[in-house]
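Here is how the chains run, residue by residue.
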Amino acid sequence: MAETPIPPGCENVKININFMEEVLIECNAKSINKVFIMSNSSLSSKVDALEKMLVENGKQVTKNYDIKMGGLGFEGACKAAAEFRAEVVVSIGTGAIQDCAKIVRIWIAATTEDSSIEVTFEKLIEWHSANLSQKLVGQIACPSVFAMAEFTGMAGTQTADGKKAGVFAPDQIKNTMPTLILFDPTLGQDSPNWLKFGTLLRSVDHSVEAITHKKASETTTALGVKALALIQEGLKLLTEDPKSKDGMCKVFEGGWAGISAYASIYYAAGHWLENQFSARYSVHQGSCSALLMWRILHFHKQDTAEAQKLISKALGDPDASAAKLVKDLIDSCPDLPRKYEDVESVKQDDFEEFAKIQQIAMLNRLSPRQFTDFNDVLSILKTTYEEVV
């Protein structure tokens, strides 16, 4: 199997460790005294235990639970971290937490330069774009599930008007990578199935898009195939026991391989569409993968035929279509939507309007198959399982 690289800008990745012990080791090694912890409220007991240990070891700690699904609420976290003058940000939890921690780090740097700056997303992006050489405080990323946001410098969030925005351009993300990534499977063992398996599907998404991308290379393809094998192995363990530490670690290791491949080719049409779908219909991105990933694969079938054969082989049936096998994998995940009707906020009578507002030029830059117009987007949304079998 291809060796999975540590991402540029990150010092180390540690899997199946005690995150509390490792956070303290890192803080002591770098003489860090002011620790800002961002987390999901569902992990407050874990955060409290970490805070207690850090305080007992002479650290100052501030906690924040402002971040909601999609990254809403980042302004409060920015203000709290800047006022505290945090020396490190410890991000514990989901992908939204990991992404917003990068935004918080940018804001700490911006307000250090000018404390009068108003906290708005636009001002943050403007300042960061003009100060790309500015060193940010470190980030110790402790993910609880498999969104893999911690493995890139990209930082996306949902804005108040329901759009996805963030720090995505290659020159913008050189200094936003977390400095240390710690995966402690106990953080996510009690995550609800829709979140655990939904983020697992995001890792599958990274992998299949890395294999089928028009910029795919021998290296990205090998990493993507490795990722699918590990994720499928971990999925089998987790469907038998949703708290399986081995299952959690295998999926995380596979997700790391998949995002390593995906990050090197930057962005793909499938992710673009799923992110827009998520923002418009207020759907968790894992559910977007469940609803759209196999449909998008089918749309690209003819233009990525050889790559899709590798996906089929990695998933155990080289003679079946990749879209069918991915859909079958999705259907083996508990508590995820199988069809649009399973998600109340998804309005199928709005699909044509959604398709019409998509940026066709952007999709064509990202896609191995060229989109003619909005009707191609609409055809993806309307693809049925019978078409991919």
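Structure shown above.
What counts and how
- Residues numbered from 1 in each chain as written.
- Predicted model: local features only at pLDDT ≥ 70, side-chain atom pairs only at ≥ 80, totals over all residues.
- Heavy atoms only, no water.
- Buried < 20%, exposed > 50% of the residue type's maximum accessible area, 1.4 Å probe, protein only.
- Helix = DSSP H or I, 4+ residues; strand = E, 2+ residues; numbered from the N terminus.
- Contact = heavy atoms within 4.5 Å.
- Polar contact = N/O pair within 3.5 Å; in protein donor to acceptor, adjacent residues only side chain to side chain.
- Phe/Tyr/Trp six-rings, centres within 6.5 Å; stacked < 30°, edge-to-face > 60°.
- Lys NZ or Arg CZ within 6 Å of the ring centre and 35° of its normal.
- Salt bridge = Lys/Arg side-chain N within 4 Å of Asp/Glu carboxyl O.

1. Side note on helix α1 (residues 19-29)
Buried within α1 we find Phe19, Met20, Glu22, Val23, Leu24, Glu26 and Cys27. Tucked into the core, α1 has its buried residues touching β1 (12-15), β2 (34-39), α2 (44-56), β4 (88-93), β5 (138-143) and β8 (180-183). Where α1 begins, the capping side chain belongs to Asn18, and its oxygen is found 3.0 Å from the backbone nitrogen of Met20. Backbone geometry just downstream of α1 places Ser31 in the positive-phi region, at approximately 55 degrees.

2. A look at the packing of aromatic side chains
In total, this model carries 14 aromatic pairs according to the counting rule given. When the ring of Tyr267 is compared with that of Trp272, the centres are 6.3 Å apart and the planes differ by 80 degrees; the resulting orientation is edge-to-face. Across this residue pair, the class does not change: Tyr267 and Trp272 are buried. Among the aromatic residues, those joined into a ring-pair cluster are Phe146, Phe151, Phe183, Phe252 and Trp256. We note Arg369 situated over the ring of Phe299; from NZ or CZ to the ring centre the distance is 3.8 Å.

3. Brief notes about the pattern of salt bridges
Under the criterion given, the structure shown has 18 salt bridges. One salt bridge connects Asp205 with Arg202, and the closest N-O pair in it is separated by 3.7 Å. With Asp205 and Arg202 both in helix α6 (residues 193-212), this residue pair falls 3 residues apart, about one helical turn. Of the two residues examined, Asp205 and Arg202, each falls in the buried class. The structure contains a network of salt bridges with shared partners spanning Glu11, Glu26 and Lys30.

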